[in-house]
Every structure is written in structure tokens, then in C-alpha cells.
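Residue-level structural notes
Here are the chains, one letter per residue:
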Amino acid sequence: LEEDYRENFILEPLRARYHELLAEKEKETLPLFQKTDDLKMQKHDNLMEIKEWQNKKIPIVPQTKARELSRQQLDRKQVYTLFFQCVEFVEGISEELQNSIEGALFSSGILDSLIANEGLHLSDDCQIFPNPKFYATTLFDYLKVSKEVPDSLQGLIEDILQSITVDEYDKERPAVFKDGSYNVANLKGKMPLGFQASYIGVASQERYRRERIKELE
């Protein structure tokens, strides 16, 4: 018994210390396992997003969840198109100018605005209406209606392009400027630094799609 007592007296602290070290080691390795799981999940999400981009015909301007829901409801009731989906740049517009014009349209909210022959029931959204200005420099000089647009909307979109002036302030109409800034009445703003055209025109859309896939790989 005395020997057992001595053995326990000597070994018990060692056992306790061993379990302490084991617990500490588990605490150290647990974040590594968690990180590994997170990386696996991120890789899975990236692969899913790559497949989405590979199957996606055109990029979509980022939207809030409320706007996505609102447009899903519009889909069931009313016919509309989106500004960036129905126009493309005319030939000869430099890449730098494309970036500036699209950047200004992006920041102002016009790029993703709704176009329809009638007033839409809006929620967390915006619709642009025609108010053409003739004998002035407008987006009609830089953008043209896409060939995929139905004939019933062609004239409306042309009028809308003539309703947005370029490098010319107009208190009754939106204006975009070649430096990437814009005016809507007494509201003024500017595009994000380093903005690249990604939504108007097939070439920009395809470049942006390839870049997104490369980033995710």
C-alpha cells in the first residue's frame, strides 16, 4: 500500500500535467481544423460561383435583396428591360471614355434603372423616363440601342439616351461627364476610383466574366 501511495504521489502530478498539455494542444490544433474546414467551404463556394459565371450570359449590376425580390414580382406582372442590357457603345469610343461614362451611370443608379412603356409599380427601385433634348450632346452620341431590343422599345430607348446630356449640366435632365462625374438636378457624384466598364456591350461583359472566373480559381 505504501508503494502504491508513493507511486500515485509521484505519478499523479505527471498525469495531471500530461492532461493539461493535451488540452492545450487540442486548443492549438482546433483553429487549424476550423481553418481547414473554412478553406474547403470557400473552395466549394468558389467552384459553384465559377460554374455560375461560366453559364451566365451577361453580368448583372449588384442589387440589394429587396430590389431582387421587387423585380421578381415585377417579372410576373409587367414587361420591362434594364438600361445596361439594352445599349452598347458606338464604335470608336475609347476604353478610357467607356470607363468614365459607364462609371458615372453606375454611380448615379441610371445603369441599372428600369425602362418600360408604362409606369411600373416600384419598390426599392427606379425607372427612367424619356425627356429628350435635341441639338445637344447626349448619350445618343455615345451609345446605341442593342440589336436584341424588341422593336416596340427601340424608340423609347433612343429617346432616353437623348434625355441624358454629356459634359453639359441640365437642371431638367441627368448629366454625365467625361471625368466620371454626374449630376441629377442638384445632386452631384462621381464614379468609384479605377472603375472598369463591365456591363455595357458584349466585349466588356465577356472581359468582366473572364476576370471574375480567374479571381475565383
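One structure accompanies this document, and this report is about it. Everything numeric in this text was worked out from a predicted model, so none of it was measured. (Residues numbered from 1 in each chain as written. Predicted model: local features only at pLDDT ≥ 70, side-chain atom pairs only at ≥ 80, totals over all residues. Heavy atoms only, no water.)

1. Description of the sheet that holds strand 6 (residues 174–176)
The strand order 5-6-7-8 describes an open sheet built from 4 strands, whose pairing is mixed. The open sheet has two edge strands with one neighbour each: strand 5 (165–166) and strand 8 (187–190). Against the sheet, helix 3 (residues 95–108) contacts strand 6, strand 7 (181–184) and strand 8, and its axis sits at roughly 45° relative to strand 7. (Pairing = 2+ DSSP bridges. Helix = DSSP H or I, 4+ residues; strand = E, 2+ residues; numbered from the N terminus. Contact = heavy atoms within 4.5 Å. Axes fitted to C-alpha atoms, helices over the stretch in contact; angles between N-to-C directions.)

2. Here's the deal with the pairing of strand 8
It is a general feature of regular strands that their side chains alternate between the two faces of the sheet. Bridge count for strand 7 against strand 8 is 4 bridges, and the pairing is antiparallel. Its bridge partner lying in strand 8, tyrosine 182 is registered against glycine 189. Taking the residues between adjacent antiparallel strands as the criterion, strand 7 and strand 8 are bridged by 2 residues, where alanine 185 takes a positive phi near 60°.

3. Section: the packing of aromatic side chains
The tally for this structure, following the rule as stated, stands at 3 aromatic pairs. Measuring from ring centre to ring centre gives 5.9 Å for phenylalanine 84 and tyrosine 199, while their planes differ by 70°; the resulting arrangement is edge-to-face. On the criterion of sequence distance, the pair formed by phenylalanine 84 in the loop between strand 1 (81–82) and strand 2 (87–89) and tyrosine 199 in the loop between strand 8 and helix 5 (202–216) is long-range, its members being 115 residues apart. Assessed through its relative accessible area of 5%, tyrosine 199 is described here as buried. Taken together, a centroid distance of 6.4 Å and an interplanar angle of 0° make the contact between phenylalanine 106 and tyrosine 199 stacked. Of this pair, phenylalanine 106 sits in helix 3 while tyrosine 199 sits in the loop between strand 8 and helix 5, and the two are 93 residues apart along the sequence. With a relative accessible area of 28%, phenylalanine 106 lands in the partly exposed category. Three or more aromatic residues joined by ring pairs make a cluster, and in this case those are Phe84, Phe106, Phe195 and Tyr199. (Phe/Tyr/Trp six-rings, centres within 6.5 Å; stacked < 30°, edge-to-face > 60°. Buried < 20%, exposed > 50% of the residue type's maximum accessible area, 1.4 Å probe, protein only.)

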